[in-house]
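# Structural description and commentary
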Amino acid sequence: MTLIYSFSGCSEKKDEEEKGLEKIDLSYASGFTISKGNDFWEVEVNQAWTGADRIFKYLVLEENAKKPAGDFDAIIQLPVEKIILTSTTHIPHLDMLNDTEKLIGFPNLNLISSEKTWVQIDAGKVEDLGAGPSANTEMVIDLAPDWIMISTLGDNLKYLDLLAQAEIPAVINGEYVEQHPLGRAEWIKFTGVLLGKYEEAKIAFAQVEKDYLDAEKLSASIIDSLRPTVLSGVLYQDIWYAPGSESWGAKILQNAGGNYIFSEQKGTGSVQLNYEYVIENALEADFWIGSADFLDLKTMGNSEPRYKVFTAFKSGNVFSYTQRRGRAGGLEYFELGYMRPDLILKDLIKIVHPDLLPDYELYFYQQLNETN
């Protein structure tokens with residue numbers, strides 16, 4: 001087995017050398033790789049979704065470049081002028097790379113918060129693809145984009161063949177699988193390559209990284225005894241859903257200097273807890289952060305009276321990510337949050353250690369009042 005893997009590794013390395021490929025190092029993201037050739041790029045997505053068992057390989061050709069040897073799941077020819085996105089988390093990539101005007105289609109425009117994108121929508125330059133791209137393959141084909149980016153749990157894979165037959169390059173973005181806060185943000189480099197703007201993407205990410213690490217340093221030296229306890233999650237049909245301790249959100253909370261009350265609950269996604277366990281462990285938590293999208297305590301308490309027994313609820317230390325909404329009501333947190341974990345981190349530091357950021361004002365989060 002060792003020999004097989006050894007020969008396989010040597011073969012891949014030889015292929016890269018023959019193509020003149022230079023692998024570009026990524027600092028946090030593990031779900032994709034970038035390699036640069038003389039006049040082309042090769043991008044591999046090895047974590048397209050949780051538990052993915054295959055690698056997707058994409059080729060991006062510079063203008064007038066010839067296709068190198070090899071098989072690819074999609075080939076993109078630069079420059080590109082028309083693209084389709086299917087997740088709001090990809091919208092900020094276009095904004096930060098000054099390519100917002102290249103978006104020509106998106107499923108459910110009302111979910112979008114970006115003002116730059118709404119300028120394009122108002123001008124009639126972005127088609128509403130309805131409930132989801134999987135139900136509107138014909139519309140996608142009619143729009144004939146230079147590429148479409150799909151964020152999927154595997155449900156839309158059957159449409160890749162249809163798009164391939166229509167000669168529309170479809171690429172899968174698996175950013176949500178990353179659990180390091182900066183790992184998700186680093187996927188802007190993936191988009192940057194597809195747009196022919198890798199260097200711009202590199203610069204944009206470097207600024208986010210710097211801001212995140214600078215904020216992290218503020219709370220890094222806080223001793224455990226000074227870390228306030230934090231409850232998260234909500235009840236749904238008698239099950240309490242909360243972030244697992246290895247998840248993206250739990251890691252940002254830890255970096256902010258909080259003591260996550262469910263730190264023993266391992267997992268990178270949502271964990272399911274019974275109400276009795278939550279009461280036993282979180283009744284007297286200092287803060288409740290991430291309480292769904294309630295706008296005030298009265299509405300929250302009326303929706304589920306059991307919430308009212310928690311100390312954080314009684315003291316009004318409940319915070320939700322509902323401060324900023326797009327024109328049609330979409331929460332900006334779910335659009336910009338992946339790309340700007342530095343803002344989320346600063347919000348959480350401001351909540352649990354306000355003295356560390358005395359002049360900072362909350363961006364995504366807001367404290368829930370008694371009434372709206």
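All values derive from a computational prediction rather than experimental measurement.

What follows deals with unusual backbone geometry. In this structure, the amide linkage connecting L78 to the following residue, P79, adopts the cis form with an omega of 0°. The phi dihedral of N98 is positive, around 55°, even though this residue is not glycine. Its place among the elements puts N98 in the loop between α2 (91-96) and β7 (103-106). Taking relative accessible area as the criterion, N98 reaches 56% and is therefore assigned exposed.

Looking now at the sheet that holds β7. Each strand in a sheet pairs with its neighbour through backbone hydrogen bonds, running either in the same direction (parallel) or in the opposite one (antiparallel). One open sheet accounts for 5 strands, arranged β8-β7-β6-β9-β10; its pairing is parallel. Here the strands that pair on one side only, and so sit at the sheet edges, are β8 (127-128) and β10 (170-172).

When we look at burial in helix α10 (residues 275-282), the residues that qualify are Y275, V278 and A282. Along α10, the residues classed as buried sweep out an arc of 65° about the axis, all on the same side. Turned more than 90 degrees away from the buried face of α10, the exposed residues are E276 and E280.

Looking now at the side chain of D211. In this fold, D211 is placed in helix α8 (residues 198-219). Buried and unpaired, D211 has no salt bridge, with R340 as the nearest side chain of opposite charge at 4.4 Å. Every residue in contact with D211, bar those within four places of it in the chain, is listed here: R340, D342 and K346.

The tally for this structure, following the rule as stated, stands at 12 salt bridges. Here D99 ties to K102 by a salt bridge, and the two come within 3.5 Å at their closest N and O atoms. We note that D99, like K102, is buried. The salt bridge partner of K197 is D99, with a shortest N-O separation of 3.3 Å. With K197 in the loop between α7 (188-195) and α8 and D99 in the loop between α2 and β7, the pair connects residues that are 98 residues apart, well separated along the chain. The class for K197 is buried, based on a relative accessible area of 18%.

Moving on: the pairing of strand β9 (residues 147-150). Residue alternation in β9 divides its side chains into two sets, W147 and M149 and I148 and I150, and both sets are buried. Strand direction decides the pairing type here: β9 and β10, joined by 3 bridges, are parallel. Considered in β10, the bridge of I148 is made with A170.

Once that is clear, we can look at the layout of surface pockets. In this model, the largest pocket occupies a volume close to 750 Å³. Listing elements by their share of the lining of the largest pocket, those giving two or more residues are β13 (239-243), α9 (248-255), α13 (333-336) and α14 (341-352). No other element matches the 5 residues that α9 contributes to the lining of the largest pocket. Here the lining of the largest pocket is composed, by residue class, of 19 nonpolar, 11 polar and 1 charged.

Calculation notes
Residues numbered from 1 in each chain as written. Predicted model: local features only at pLDDT ≥ 70, side-chain atom pairs only at ≥ 80, totals over all residues. Heavy atoms only, no water. Helix = DSSP H or I, 4+ residues; strand = E, 2+ residues; numbered from the N terminus. Buried < 20%, exposed > 50% of the residue type's maximum accessible area, 1.4 Å probe, protein only. Pairing = 2+ DSSP bridges. Arc of directions from axis to C-beta. Lys, Arg positive; Asp, Glu negative; His and termini not counted. Salt bridge = Lys/Arg side-chain N within 4 Å of Asp/Glu carboxyl O. Contact = heavy atoms within 4.5 Å. 1 Å grid on protein atoms, 1.4 Å probe; cavity = no way out; pocket = protein on both sides within 12 Å on 5 of 7 lines; lining within 4 Å. Points joined across faces, edges and corners; volume = space filled by probe spheres on them. Nonpolar A, V, L, I, M, F, W, Y, C, P; charged D, E, K, R; others polar.

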